[in-house]
Amino acid sequence: MATPLSAAKMLAALKAEGLTVHEHAGWKTHNREAATGKSFGPVVGVLIHHTGGHGDKELCFKGRPDLPGPLCHSWLGKTAGLWMIGNGRTNHAGYADIDVLHALRDERPLPHDDVAKADGNDCLYGLEIENRGKGGDPYPDAQYRQAVLWAAAICRAHGWSERSVAGHKEVQPGKIDPSFDMDDFRADVKRRLADAESAHPTRPATRPRVDLSRLVQAARTDPGAGQGHITYLTGTNLTEAALVDLGYLSENHAGDGSFGTTTVAAYARWQHHLGYTGADANGVPGKVSLAKLGDATGLFTVVA
């Protein structure tokens, strides 16, 4: 059991792990403590979720009619990166199996979650990962890696091992999130914690790479294919996130992995901004324009 990290210590821990951290306005004082009369902590571990949808950062901040926000401490987008949502008690865990909470506290193998009567919001940090949690909606490598870094950062700050990490499906009967294997995830956290250099605050995070040839194929294939056709999910999502960041594409049209007609039109506007005309501004990425897009936003580098 441990005292919860302050907002400043949480930011420092995440950045020291190599993460780029975005801060939602008001997150440092956004919690459920006054409304419930219950404080956050002592803490015993970190809990991993998937959101069950897309574009749900604001939902996690504001909550739903039946469940007030914040709904997590951090939200991790497919391409939008890691965002701080709340600090203190948040509505993410709900009721949990007390035996599982004790196992997290003691860093023992997790027992089967057969009954949930303890309040997990009291003692667990929560990460919501943007994903529908269904087949056909994979986790981009960069997103998954950030989730590992998030968990490792908090474990490192508290002196915990990977055994302090659980999935929502492991603490509450009937839950299915996250939709990846938690034993594999804990193994990745363990490897990260074993890297002593990973806690160095000046160590830069490696930017993901976009393969130009695969992205060009997506831009030429997806618009004429069936609705939602995906040729190159990761590269398309990163490109769309950059276009959103610069104001050329609405967030509502990003994140599905398909380089459709709307994305082609948005990329053409970016090309026009760079001074291209005619066939050079047809919405199909070129090496120079794509590299400038990645550099302008810091989201990716380009390989030909």
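Up top is the structure.
Residues numbered from 1 in each chain as written. Predicted model: local features only at pLDDT ≥ 70, side-chain atom pairs only at ≥ 80, totals over all residues. Heavy atoms only, no water.

(A) Spatial organisation of the overall build of the protein chain. A count of helices and strands for the protein chain gives eleven helices and twelve strands. Relative to a compact globule of 304 residues, whose C-alpha radius of gyration would be 19 Å, the protein chain shows 20 Å and is just as compact. Counting only C-alpha atoms and orienting by the principal axes, one finds that the protein chain spans roughly 65 × 40 × 35 Å. Expressed as a percentage of its 304 residues, the buried residues of the protein chain come to 50%. Pairs at least 24 residues apart make up 67% of the contacts formed inside the protein chain by residues separated by at least 6 positions. When the accessible surface of the protein chain is summed, it comes to about 13500 Å², and 50% of that surface belongs to carbon and sulfur atoms. (Helix = DSSP H or I, 4+ residues; strand = E, 2+ residues; numbered from the N terminus. Rg over C-alpha atoms; globule rule 2.2 N^0.38 Å. Buried < 20%, exposed > 50% of the residue type's maximum accessible area, 1.4 Å probe, protein only. Contact = heavy atoms within 4.5 Å. Areas by Shrake-Rupley, 256 points an atom, 1.4 Å probe, with all protein chains shown as cover.)

(B) Representation of unusual backbone geometry in the model. Here the residue pair G69 and P70 is connected by a cis peptide bond, since its omega of 5 degrees sits within 30 degrees of zero. Tracing the backbone shows P70 in the loop between β4 (67–68) and β5 (74–76). Each neighbour pair has its own omega, and for D177 with P178 the value is 0 degrees, a cis peptide bond. Mapped onto the elements of the fold, P178 is located in the loop between α6 (168–171) and α7 (182–194). With a phi angle near 55 degrees, E107 is a residue other than glycine that sits in the positive phi range. Within the secondary structure, E107 is located in the loop between α4 (98–106) and β8 (118–119). Classification of E107 as partly exposed rests on a relative accessible area of 27%.

(C) Fine view of the pairing of strand β9 (residues 124–129). Burial within β9 is extensive, with six of its six residues counted as buried. Burial of the side chains of β9 extends over both faces: L124, G126 and E128 are buried on one face and Y125, L127 and I129 on the other. The sheet contact formed by strand β2 (residues 45–50) and β9 spans six bridges and is parallel. If you follow H49 over to β9, its bridge partner there is E128. Looking at chain direction, β5 and β9 are connected through three bridges and run parallel. The partner of L76 across the bridge, within β9, is I129. (Pairing = 2+ DSSP bridges.)

(D) Geometry of the sheet that holds β2. With respect to topology, six strands assemble into an open sheet ordered β1-β6-β5-β9-β2-β10, the strand pairing being mixed. The sheet terminates laterally at β1 (21–23) and β10 (165–167), the two strands that pair on one side only. This sheet shows a mean twist of 25 degrees between the axes of neighbouring strands, independent of strand direction. As paired elements, β5 and strand β6 (residues 82–84) share three bridges and run antiparallel to each other. Bridging across to β6, S74 finds its partner in M84. The strands touched by helix α5 (residues 141–158) are β2, β5, β6, β9 and β10; relative to β9, the strand with the most contacts, the crossing angle is about 170 degrees. (Axes fitted to C-alpha atoms, helices over the stretch in contact; angles between N-to-C directions.)

(E) Local environment of the environment of A242. Position of A242 among the secondary structure elements: in helix α9 (residues 233–245). Classification of A242 by relative accessible area gives buried; the value is 0%. Distance from A242 to A254, taken between C-alpha atoms, is 9.8 Å for residues twelve residues apart in sequence.

(F) Quick look at the environment of A268. Its location among the elements puts A268 in helix α10 (residues 261–273). Sequence spacing of A268 and T301 is 33 residues, and the spatial spacing of their C-alpha atoms is 19 Å. Every residue in contact with A268, bar those within four places of it in the chain, is listed here: A281, N282 and G283.

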